[in-house]
Amino acid sequence: SGGGSGSGREERWGRLAVAASKQCLRSHFLEISPPVQLDALLREAAADDASNGATCGVFAAHQSGLPLMSLENRGAFEEILVTPGAKRTGLLIVGPEGDFSQRELRLMEESGVRMVGLGDLRLRVETAALALLSGMRMMEQGSF
């Protein structure tokens, strides 16, 4: 099927997210949003933070970043978790096959996105997404 918010691929992702949420006994379902341009995504994240007082951590998987589990990255993540009274949100960004463009890297740098490295191997998009999410979950639970 073609693209668009009602595409078969996005419907399948939604069904998989619900099934995975149920299987993991999550208290809320994972949210799958339609693909958007990076600049629109970063603007939306900044606007959400400004409008609801949220503390949002934005992390992107990229080889230029410090290792995900480095002390500096763990400190940044812990700062988000311990901000008193703040609503906490997170945005994890994984680049497309072939990596981010120079424009996208510059845009993320200007937006304060924290680049995190996932090791010295080149990972497929779906593998990088799982690695990044797993690492963040480990930090959230304090099991690093």
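Use the structure listed above.
These numbers come from a predicted model, not from an experiment.

### Here's the deal with the overall build of the protein
Alright, step 1. From N to C terminus, the protein includes five helices and three strands.
Alright, step 2. Starting at the N terminus and walking to the C terminus, you meet the elements of the protein as α-α-β-α-β-α-β-α.
Alright, step 3. Taking the contacts inside the protein whose residues are at least 6 apart along the sequence as the reference set, 76% of them involve residues at least 24 apart.
Alright, step 4. Counting every atom, the protein has about 9800 Å² of accessible surface; 54% of that belongs to carbon and sulfur.

### Quick notes on the nonpolar core
Alright, step 1. One finds Leu38, Leu42, Val58, Ala60, Ile93, Met108 and Val113 to be the most contacted residues of the largest nonpolar core, which totals 13 residues.
Alright, step 2. Mapped by element, the contributors of at least two residues to this core are helix H2 (38-52), strand S1 (54-67), strand S2 (87-94) and helix H4 (102-110).
Alright, step 3. Those residues in contact with Ile93 that lie beyond four places of it in its chain are Leu38, Leu41, Leu42, Val58, Phe59, Ala60, Ala61, Phe100, Met108 and Leu132.
Alright, step 4. Counting eight residues, the second largest nonpolar core, distinct from the first, contains Leu68, Val116, Leu132 and Met139.

### Quick word on the layout of surface pockets
Alright, step 1. Of the voids in this model, the second largest pocket is the one considered here, and its volume is about 470 Å³.
Alright, step 2. Lining of the second largest pocket is provided by 21 residues; of these, Gln63, Asp99, Leu121, Arg122 and Leu123 occupy positions nearest its centre.
Alright, step 3. Residue assignment for the lining of the second largest pocket shows that the elements contributing at least two residues are S1, strand S3 (114-117) and helix H5 (125-141).
Alright, step 4. Partitioned by chemical class, the residues of the lining of the second largest pocket number 10 nonpolar, six polar and five charged.

### Some thoughts on unusual backbone geometry
Backbone geometry follows two general trends: most residues other than glycine have a negative phi, and most peptide bonds adopt the trans configuration.
Alright, step 1. Backbone geometry at Asp99 places phi at a positive 85 degrees, although glycine is not the residue there.
Alright, step 2. Looking at the element boundaries, Asp99 is found in the loop between S2 and H4.
Alright, step 3. What makes Asp99 partly exposed here is its relative accessible area of 32%.

### Here's the deal with the pattern of salt bridges
Alright, step 1. Scanning all chains against the criterion turns up three salt bridges.
Alright, step 2. In this structure, Asp39 and Arg103 form a salt bridge, with 3.3 Å as the shortest nitrogen-oxygen distance. Of the two residues, Asp39 sits in helix H2 while Arg103 sits in helix H4, which places them 64 residues apart along the sequence.
Alright, step 3. We classify Arg103 as partly exposed; its relative accessible area is 44%.
Alright, step 4. Across the salt bridge formed by Arg124 and Glu126, the nearest N and O atoms sit 2.8 Å from each other.
Alright, step 5. Judged by its relative accessible area of 41%, Glu126 falls in the partly exposed class.
Alright, step 6. In this structure, a network of salt bridges that share partners links the residues Asp39, Arg43 and Arg103.

Conventions and cut-offs
- Residues numbered from 1 in each chain as written.
- Predicted model: local features only at pLDDT ≥ 70, side-chain atom pairs only at ≥ 80, totals over all residues.
- Heavy atoms only, no water.
- Helix = DSSP H or I, 4+ residues; strand = E, 2+ residues; numbered from the N terminus.
- Contact = heavy atoms within 4.5 Å.
- Areas by Shrake-Rupley, 256 points an atom, 1.4 Å probe, with all protein chains shown as cover.
- Core = buried A, V, L, I, M, F, W, Y, C linked by side-chain atoms within 4.5 Å.
- Buried < 20%, exposed > 50% of the residue type's maximum accessible area, 1.4 Å probe, protein only.
- 1 Å grid on protein atoms, 1.4 Å probe; cavity = no way out; pocket = protein on both sides within 12 Å on 5 of 7 lines; lining within 4 Å.
- Points joined across faces, edges and corners; volume = space filled by probe spheres on them.
- Nonpolar A, V, L, I, M, F, W, Y, C, P; charged D, E, K, R; others polar.
- Salt bridge = Lys/Arg side-chain N within 4 Å of Asp/Glu carboxyl O.

In short, geometric facts, not functional conclusions.
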